[in-house]
Amino acid sequence: MTTAEIDLGALDHNYHQLRQLTYPTVKFLAVVKADAYGHGAIPVSKRLEELGADFLGVATVQEGIELRNGGIKKPILVLSGVYQEEVEAALDYHLTPMLYRWDIAEVLAAAASARGIKVPIHIKVDTGMGRIGVLFEEVPAFVNHVRKLENLEIEGIASHFSTADEKSASYAEEQLRRFLQVIEEMKKLGIHPPFYHIANSAAVVNLPAAQFTVVRPGIMLYGSYPSTSLRDKVSLRQVMCWKSRIADLKKVPTGYPISYGRTFVTQRPSLIAAIPVGYADGYNRLLSNRGEVLVKGKRTPVVGRVCMDWTMVDVTNISGVEVGEEVVLMGGQLGDEITPEEIGEWIGTNSYEILCSVGKRVQRIYKG
Ligand SMILES: *Cc1c(COP(=O)(O)O)cnc(C)c1O
């Protein structure tokens, strides 16, 4: 009953929009981590491969293996890098790791040497994100170490922005300066990797100077904006439409409590619909008495607590509602649209978390 329709035509549209914003020679690394932000890693990656994405980006080795088993042939970059115990699997499946630790570099080089191969790696640099990566000032020393490992090939140097989505570009520009400084140092060392990359979705739009030779967008491929200011700059289409149907519908009197804890009590004779979606499907419990859904193109409120498998909405004001009626939890219906950004705002998070928490139990249906 509760499904997520994935509109691959919208994915095509968003890909082309992003492509138009990138310089023609720039390569496109499509980020498909976290099951393609909840959209289904294999069908989405296959489509992106057909569209001409040059690389796919996953977070973990496990995600990379899933793509290979699904038939993906393009280079796959493991953005979080590999752990010691994953090195053999990464080589078996031709996954390209991000590298930022010397201990891993050694293990990787030894494994490659044992196979008599050379493994491409991308060095991850922390230019101010404050997460993973070699601190920008320490990159020359790190690279000097790595270049001595004959079985590793430095194919790329990468970093990540922490604020590319913000209105003020000053900190992102500082990160960019540091990245440029790293590039200069590489030249001085006589190291010329073909791929330099730092641009996430927001940077593709806001900081054209950050494109270098590869861009790495994720969220915008799925039709969501990393910040509202980007809405004017590019027109995207929501790829996922999360919908359900009214499973039960009943008239209740004034003063009737709805759901666990009686946190909502009707103030009038009401028509209450039960929707078979709950927090086990990723419909966040914080949406209790806060969320809205679309019924017949009209917004209508979630009433009472979201349960594990059920959510109730008040459809008193909508005429002609019947059991089986379509309910849109996220996505468009008859001219109105609920975005993951909006749901995120209701409960104090971002669209990324909303998208990637749509549960396993929700069947993905592919269109287009
Ligand atoms: C998730 C991620 C991206 C994509 O970011 P978006 O904001 O979704 O475009 C790019 N690079 C790295 C390293 C990431 O982890």
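Rules and cut-offs
- Residues numbered from 1 in each chain as written.
- Predicted model: local features only at pLDDT ≥ 70, side-chain atom pairs only at ≥ 80, totals over all residues.
- Heavy atoms only, no water.
- Near = heavy atom within 4 Å.
- Polar contact = N/O pair within 3.5 Å; in protein donor to acceptor, adjacent residues only side chain to side chain.
- Areas by Shrake-Rupley, 256 points an atom, 1.4 Å probe, with all protein chains shown as cover.
- Domains from an automatic or database assignment.
- Contact = heavy atoms within 4.5 Å.
- Buried area = accessible area lost by both parts, 1.4 Å probe.
- Salt bridge = Lys/Arg side-chain N within 4 Å of Asp/Glu carboxyl O.
- Helix = DSSP H or I, 4+ residues; strand = E, 2+ residues; numbered from the N terminus.
- Nonpolar A, V, L, I, M, F, W, Y, C, P; charged D, E, K, R; others polar.
- Buried < 20%, exposed > 50% of the residue type's maximum accessible area, 1.4 Å probe, protein only.
- 1 Å grid on protein atoms, 1.4 Å probe; cavity = no way out; pocket = protein on both sides within 12 Å on 5 of 7 lines; lining within 4 Å.
- Points joined across faces, edges and corners; volume = space filled by probe spheres on them.
- Phe/Tyr/Trp six-rings, centres within 6.5 Å; stacked < 30°, edge-to-face > 60°.
- Core = buried A, V, L, I, M, F, W, Y, C linked by side-chain atoms within 4.5 Å.

A. Representation of the site of the ligand. Close to the ligand lie 14 residues; Lys 33, Tyr 37, Ser 201, Ile 219 and Tyr 352 are nearest. Within the contact set of the ligand, an oxygen atom lies 2.8 Å away from a backbone nitrogen or oxygen of Ile 219. Taking Tyr 352, its side chain carries an N or O atom lying 2.6 Å from an oxygen atom of the ligand. The fraction of the free accessible surface of the ligand (380 Å²) that becomes covered by protein chains is 93%.

B. Layout of the domain arrangement of the protein. Structurally, the protein comprises domain 1 (8-226) and domain 2 (240-367). For domain 1 and domain 2, the distance between their C-alpha centroids amounts to 37 Å. Each side of the interface is counted separately: domain 1 has 13 residues, and domain 2 has 10 residues. When domain 1 packs against domain 2, close to 1000 Å² is buried across both sides, 59% of that on carbon and sulfur atoms. Three residues, Tyr 37, Gly 38 and His 39, lead the burial of domain 1 against domain 2; their summed loss comes to 40% of the area buried on that side. Between the two partners, domain 1 and domain 2, sit zero salt bridges. Across the domain 1-domain 2 interface, the total number found is six residue pairs in polar contact (both at pLDDT 80 or more). Among the elements of the structure, α1 (8-21) and α2 (33-37) are those that each provide at least two residues to the side of domain 1 that touches domain 2. Of the residues contributing to the side of domain 1 that touches domain 2, the split by class is eight nonpolar, five polar and no charged.

C. The pattern of salt bridges, seen in detail. Across all of its chains, the model carries 20 salt bridges by this definition. Where Arg 177 meets Glu 174, a salt bridge forms, and the shortest distance between an N and an O atom there is 2.9 Å. Of the two residues, Arg 177 and Glu 174 both sit in helix α8 (residues 170-188), three residues apart, roughly one turn of that helix. The partly exposed category is assigned to Arg 177, whose relative accessible area is 48%. Its salt-bridge partner being Glu 292, residue Arg 299 comes within 2.9 Å of it at the nearest N-O pair. Accessibility expressed as a relative area gives 29% for Arg 299, which makes it partly exposed. A residue is classified by how much of its surface remains accessible, and Glu 292, at 26% relative accessible area, is partly exposed. Shared partners join several salt bridges into a network, and the residues in it are Glu 5, Lys 243, Glu 326 and Lys 367.

D. Just empty space enclosed by the protein, in detail. In the structure shown here, the tally under the stated rule is one cavity of 30 Å³ or more. Of the pockets and cavities examined, the largest cavity occupies roughly 60 Å³. The set of elements that each furnish at least two residues to the lining of the largest cavity consists of α10 (340-347) and α11 (351-356). Of the residues contributing to the lining of the largest cavity, the split by class is six nonpolar, three polar and one charged.

E. Focus on the packing of aromatic side chains. With the rule as written, the count across this model stands at seven aromatic pairs. Centre to centre, the rings of Tyr 37 and Tyr 352 are 6.1 Å apart; their planes meet at 40 degrees, and the pair counts as tilted. Pair noted here: Tyr 37 is in helix α2 and Tyr 352 is in helix α11, with a separation of 315 residues, a long-range link. A relative accessible area of 7% means that Tyr 37 is categorised as buried. For Tyr 352, a relative accessible area of 30% corresponds to the partly exposed category. Each ring, one from Phe 55 and one from Phe 195, has its centre 5.1 Å from the other, and the planes form 90 degrees; the classification is edge-to-face. Placement of Phe 55 in strand β3 (residues 55-58) and of Phe 195 in strand β9 (residues 195-199) is noted, with a sequence separation of 140 residues between them. Among the residues examined, Phe 195 registers a relative accessible area of 13% and is labelled buried.

F. Main features of the environment of Leu 334. In this structure, Leu 334 sits in the loop between β19 (326-333) and β20 (336-338). Judged by relative accessible area, Leu 334 falls into the exposed class, the value being 70%. Dropping the residues within four chain positions of it, Leu 334 is found in contact with Lys 296 and Gly 297.

G. Quick look at the nonpolar core. Grouped together as the largest cluster of nonpolar side chains are 119 residues, with contacts concentrated most on Leu 48 and Leu 152. A domain split of this core shows at least three residues from each of domain 1 (8-226) and domain 2 (240-367).

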